[in-house]
Amino acid sequence: MPSFNQSIFYPAVFFLTGIPGFETYHAWIFIPFCCLYATAISGNGMILFVIITESSLHEPMYYFLSMLSFTDLGLCLSTLVTMVGIFWFNAREISFDACIGQMFFIHGFTFMESSVLLAMAFDRFIAICNPLRYATILTNSRIIKVGFAVVIRGTVALVPLLLLLKRLSFCRSHVLHHSYCFHPDVMKLSCTDTKTNSAFGLAIVISTAALDAVLLLLSYVLIIHAGLSNASPEERKKAFGTWVSHISAVAIFYIPMISLSLVHRFGKNAPPLVHTLIANVYLPIPPVMNPIIYSVKTKKIHNTMLKIFHSKLT
């Protein structure tokens, strides 16, 4: 039978947080969040369906877009269960192992999305700067290898990070500030030294999201240079038009992530409501916005969706 000290240092459960001070209205508050999740799941599901079923979309650009939709679906489903449990059933408890599992999927899909955005930037760079070799460089076999690399890069580094988390002792409050398990949030509850965890976590962020951001910026500089070098205004317009959607997707991915990181880093004195609201908005926004951006800005996706809806109506 476990002793009192063991039950303190190795918690059986954590307690997730909804909207502090508005627990009575959780069922109503979750309605807009429910709409966000429904939009994200249906939108990304539609993108995947269109790309898979429409042979004219079996091109590198759309393969990468399907990867983006897949990671967005993964992000939504990783948090949907705990969000529904908290806001509609007041089920705040989550076991330590389940919390570890949820962190693996949340952070894994986040890092995978960063890698997919970088791959999409490379696709646009080749299409604009070296269009004659586009088909020979981005072959189907290489795209499959990129897909495997995205999955491996997004998940392998997380295993030791989460194993390091399991060695910590938790003798403080077991109440988390989010509606899902987030690594910095869980780590703050530890009463033991977390320098190794922090350093390893920072190394992973630098080698994934931060490195991707630098490479994305570099690709944009090269794409702009190539676009401005085109003599024809029509070619220049086409060159810039092909990656406007990608810039929007990158912005809606990095801005909420940076905002949440800044709040965790420098917002220690901020009200808990600020932490919770930013955290609850941080994950659903990219999965909601990406299908809207690409279905509006990408003509092939837009026209194919209209054709499908028209055929269903007739």
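Reading guide: rules and limits
- Residues numbered from 1 in each chain as written.
- Predicted model: local features only at pLDDT ≥ 70, side-chain atom pairs only at ≥ 80, totals over all residues.
- Heavy atoms only, no water.
- UniProt positions renumbered as here; feature names shortened; annotations may be inferred.
- Helix = DSSP H or I, 4+ residues; strand = E, 2+ residues; numbered from the N terminus.
- Buried < 20%, exposed > 50% of the residue type's maximum accessible area, 1.4 Å probe, protein only.
- Axes fitted to C-alpha atoms, helices over the stretch in contact; angles between N-to-C directions.
- Parallel < 35°, antiparallel > 145°, perpendicular 65-115°, else oblique.
- Left-handed = near helix turned anticlockwise from the far one by under 90°.
- Contact = heavy atoms within 4.5 Å.
- Nonpolar A, V, L, I, M, F, W, Y, C, P; charged D, E, K, R; others polar.

- Under an unreviewed UniProt entry, the name given to the protein is Olfactory receptor, and the organism recorded is Vicugna pacos.
- Of the protein, the UniProt comment under Sequence similarities (unreviewed entry) reads exactly: "Belongs to the G-protein coupled receptor 1 family."
- Comment text from UniProt for the protein, heading Function (unreviewed entry), reads "Putative odorant or sperm cell receptor."

**So, unusual backbone geometry**
(1) Moving on: With a phi close to 55°, Asn-90 is a non-glycine residue in the positive phi region.
(2) Moving on: Tracing the backbone through its elements, the reader meets Asn-90 in the loop between helix 3 (60-89) and strand 2 (93-95).
(3) Moving on: We classify Asn-90 as exposed; its relative accessible area is 56%.

**Remarks on the packing of helix 2 (residues 26-53) against helix 12 (residues 285-297)**
(1) Moving on: Across the interface, helix 2 lies against helix 12 with an axial gap of 8 Å and an inter-helix angle of 45°. One element, helix 2, and the other, helix 12, form an angle in the oblique class. In this structure, helix 2 meets helix 12 at a crossing whose hand is left-handed. Two secondary-structure elements touch here, helix 2 through Leu-36, Thr-39, Ala-40, Gly-43, Asn-44 and Ile-47 and helix 12 through Pro-287, Val-288 and Pro-291.
(2) Moving on: Broken down by class, the residue content of the contact of helix 2 with helix 12 amounts to 6 nonpolar, 3 polar and no charged.

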